[in-house]
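Okay, here's what each chain looks like letter by letter:
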Amino acid sequence: MSEHPSKFYVTTPIYYVNARPHIGHAYTTIVADVLARRHRLLGDDTFFLTGTDEHGQKIERSAAAAGIPPQQFADQVSGQFESLWKRMGITNDKYIRTTDPQHKVGVQKLFAELYDRGHIYLDSYTGAYCISDEAFVDVQAGEPCPDCGRTTEIVTEENFFFRLSAFQRPLLDLIESNTLKIENDARRNEVLSFLRGNVSAATQTSSSTTLSGWAVPSGAVSSGPEAAPQDLSAAPEAYPQNLSSRPEAEGRSGETPVFADASVAGPSPSTLAHSTAGTPYVPTALKDLSVSRSSFTWGIPVPEEVQRKAGATKQHVTYVWLDA
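Every value quoted in this text rests on a predicted model; they were computed, and no experiment measured them. Every residue gets a number counted from 1 within its own chain, in the order that chain's sequence is written. Side-chain atom pairs in this predicted model are given and counted only at pLDDT of 80 or more, local residue features only at pLDDT of at least 70, and totals for whole chains, interfaces and linings cover all residues. Hydrogens and waters are ignored; side-chain quantities use all the structure's heavy atoms.

1. Quick word on the confidence of the model for the chain
In predicted models, pLDDT denotes the confidence assigned by the predictor to each residue on a 0 to 100 scale. When pLDDT is averaged along the chain, the result is 79; 77% of the residues meet or exceed 70. Model confidence for the chain, summarised as mean pLDDT per element, is weakest for strand E9 (residues 263-265) at 33 and strongest for helix H1 (residues 23-41) at 98. The contact criterion used throughout is that any non-hydrogen atoms of two residues lie within 4.5 Å. Here residues 206-270 scores under 50 on pLDDT; set against residues more than four positions off or in separate chains, the count is 150 contacts. The helix count covers DSSP runs of H or I at least four residues long, the strand count covers runs of E at least two residues long, and both are numbered beginning at the N terminus.

Here you go:
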């Protein structure tokens with residue numbers, strides 16, 4: 001046993017509470033439990049987390065079908081997960097629920113911090129939305145979801161977006177230089193491929209293309225070092241470290257969003273960019289991430305101060321978030 005134990009953290013996915021646990025949930029939790037037990041035996045400072053993810057329209061609708069409020073529905077299903085892990089002897093150190101009061105406070109604090117730094121902005125969008133997957137998908141109106149085959153709905157609403165597109169080049173540089181390590185190689189290559197986009201197609205396409213079935217919020221595509229976010233201490237020094245001076249930091253109200261089926265400039269050989277390592281990538285490949293929904297009636301509220309600063313016309317709740 002080492003005199004200086006390493007720190008080891010392992011987490012399962014935080015399971016979605018639209019239905020009771022099944023064998024897949026059990027398998028994943030057992031695997032994480034085995035890892036945690038091994039590292040404790042090795043003397044490592046080990047922390048094992050599991051829990052449930054409680055948000056969204058799918059749960060609202062499941063609760064409505066059951067004739068009970070969403071929170072009560074989530075309480076019942078989450079209780080089934082927690083009870084099962086206790087019966088199975090799972091050795092998790094913490095069981096987290098995203099409706100826990102401390103989690104709500106943490107989410108709101110992080111949301112406000114990211115907004116003030118210019119990483120979150122307000123905009124509007126229109127797109128084909130899959131209720132089952134809780135995601136916007138790239139299909140025409142009325143077409144089925146390409147992932148699950150269920151019917152999609154066309155949604156137009158005001159939303160807050162996380163400026164994910166600004167992280168494309170910094171992430172590529174961090175991963176390619178192994179400053180940010182991803183194991184194993186297959187997963188590393190999968191992430192890099194996602195970040196780079198379809199480079200092969202970009203070298204063959206014409207100067208324009210059509211986005212069908214979903215919308216890109218105005219300003220959602222950023223490229224080059226000027227779009228890099230702040231506080232990436234390991235990123236090249238060329239990246240600006242302060243977004244607060246950019247107009248986007250005060251929200252996007254007044255700009256015209258790009259709606260579904262609009263013809264937009266597409267990638268071409270001349271628009272390919274290159275990482276510090278010289279690897280080509282498509283600057284438009286990474287889109288900004290929806291982090292709130294103004295149509296939701298149940299969830300963690302976006303901080304009132306942020307909604308006021310951004311000029312939001314409706315109450316928003318967080319939609320997609322980093323639940324930890």
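Having seen it, we continue.
2. Structural notes on the pattern of salt bridges
Oppositely charged side chains may form a pair once their charged atoms are brought near each other. Each reported salt bridge corresponds to a side-chain nitrogen of Lys or Arg within 4 Å of a carboxyl oxygen of Asp or Glu. According to the stated counting rule, one finds 13 salt bridges in the structure shown. One salt bridge connects Glu-54 with Arg-97, and the closest N-O pair in it is separated by 2.7 Å. In this pair, Glu-54 sits in the loop between strand E3 (45-53) and helix H2 (57-66) while Arg-97 sits in strand E4 (residues 94-97), placing the two residues 43 residues apart along the sequence. Burial classification: accessible surface area is computed with a 1.4 Å probe over protein chains only, and a residue below 20% of its type maximum counts as buried, one above 50% as exposed, and the rest as partly exposed. On the accessibility criterion, Glu-54 (3% relative accessible area) is buried. Judged by its relative accessible area of 16%, Arg-97 is buried. Salt bridges linked by common partners bring Glu-54, Asp-75 and Arg-97 together as one network.

3. Thoughts on unusual backbone geometry
In the segment running from Glu-183 into Asn-184, the intervening peptide bond is cis, with an omega of 0°. Topologically, Asn-184 is positioned in the loop between helix H5 (168-176) and helix H6 (185-196). Even without being glycine, Asn-178 reaches a positive phi, approximately 65°. Relative to the helices and strands, Asn-178 resides in the loop between H5 and H6. For Asn-178, a relative accessible area of 39% corresponds to the partly exposed category.

4. What about the nonpolar core?
Only buried residues count toward a nonpolar core. Its members are Ala, Val, Leu, Ile, Met, Phe, Trp, Tyr and Cys residues joined through side-chain atoms within 4.5 Å. With 21 residues, the main nonpolar core has Val-10, Phe-48, Ile-59, Phe-73, Phe-81 and Trp-85 as its most contacted residues. Every element with two or more residues in this core is listed here: strand E1 (7-11), strand E2 (15-16), H1, H2 and helix H3 (70-88). The dominant element in this core, judged by the number of residues it contributes, is H3, at six residues. Apart from residues no more than four positions distant in its own chain, Phe-73 is found in contact with Val-17, Asn-18, Ile-59, Ser-62, Ala-63, Ala-66 and Ile-68. If you look at the next biggest cluster of nonpolar residues, it comprises 13 residues, including Phe-111, Ile-120, Ala-166 and Val-291.

5. Here's the deal with H5
The buried count for H5 comes to eight of nine residues, which makes it a mostly enclosed element. Considered for burial, the residues of H5 that qualify are Gln-168, Arg-169, Pro-170, Leu-172, Asp-173, Leu-174, Ile-175 and Glu-176. Contact partners of the buried residues in H5: H6, strand E10 (273-274) and strand E11 (280-281). Within two residues after H5, Asn-178 carries a phi angle of roughly 65°, on the positive side.

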